[in-house]
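# Residue-level structural notes
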Amino acid sequence: MNPYTIFADIVAGRAPSSKVYEDDDVVAFMDIRPMTPGHLLVVPKVAARSLAELDPVVGGKLFQVGQRLAAAMRASEVGCDGVNFFLADGVTAGQEVFHVHLHVIPRTPGDGFGLRGRPASPRREDLDYLAASIRGALGN
Ligand code: 5GP
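Residues numbered from 1 in each chain as written. Predicted model: local features only at pLDDT ≥ 70, side-chain atom pairs only at ≥ 80, totals over all residues. Heavy atoms only, no water.

## Quick look at the overall build of the protein
- The helix and strand tally for the protein stands at three helices and five strands.
- Element order for the protein, N to C, with α for helix and β for strand: α-β-β-β-α-β-β-α.
- Seen through its principal axes, the protein has C-alpha atoms that stretch 50 × 40 × 25 Å.
- Just so you have it, the protein exposes about 9,500 Å², and 55% of that area is on carbon and sulfur atoms.
- For the protein, the centre of its 14 positive side-chain charges and the centre of its 16 negative side-chain charges are spaced 3 Å apart. (Helix = DSSP H or I, 4+ residues; strand = E, 2+ residues; numbered from the N terminus. Areas by Shrake-Rupley, 256 points an atom, 1.4 Å probe, with all protein chains shown as cover. Lys, Arg positive; Asp, Glu negative; His and termini not counted. Charge placed at Lys NZ, Arg CZ, Asp CG, Glu CD.)

What follows is the structure in structure tokens.
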């Protein structure tokens, strides 16, 4: 599969972006089609297509930088009073750009952004069954 994504060009400086942060591991820039004004993307410099391909240390860095950006957003003229993190891993999860990225989405009352879903009310034994299955898959 073609590993190219536009984010590789942005990381390399070959494509334009409105950058807010950069260090050795990650870069953060404005989303070109923001869900709300100020919507940022935090992107690892290594071109991992999925969470499974991403070094967990770099994954942790995405969250750390996301935390700093969330605080900066709240203090900036973005003027939000809430923040959502969102990460789509896989087509079914809504991933469109196959270079891992963390969305940092500022929230204001009535901004129209939200997750659609149908929360269920499973029985405790069903929760326990899947918890055991996931624990098993975690291994050591
Ligand atoms: P995904 O659905 O993969 O989680 O989100 C991809 C995000 O990348 C979308 O929010 C989309 O607006 C953003 N995006 C796609 N192409 C570009 C681009 O060329 N520049 C910037 N800054 N964002 C992009």
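## Overview of the environment of V100
- Inspection of the secondary structure puts V100 in the loop between strand 4 (82-86) and strand 5 (102-107).
- A C-alpha to C-alpha distance of 8.0 Å links V100 and L87, two positions 13 residues apart in sequence.
- Setting aside its immediate chain neighbours within four residues, V100 contacts V42, V43, P44, A48, R49, S50, L51, L54, L62 and L87. (Contact = heavy atoms within 4.5 Å.)

## Section: the layout of surface pockets
- As a volume, the largest pocket reaches approximately 700 Å³.
- D31, R33, H39, E96 and H103 are, among the 28 residues lining the largest pocket, the residues nearest its centre.
- Looking at the lining of the largest pocket, the elements with two or more residues in it are helix 1 (6-12), strand 2 (26-30) and strand 5.
- Considering every element that reaches the lining of the largest pocket, the biggest residue donor is helix 1, with three residues.
- A per-class count over the lining of the largest pocket returns 17 nonpolar, eight polar and three charged. (1 Å grid on protein atoms, 1.4 Å probe; cavity = no way out; pocket = protein on both sides within 12 Å on 5 of 7 lines; lining within 4 Å. Points joined across faces, edges and corners; volume = space filled by probe spheres on them. Nonpolar A, V, L, I, M, F, W, Y, C, P; charged D, E, K, R; others polar.)

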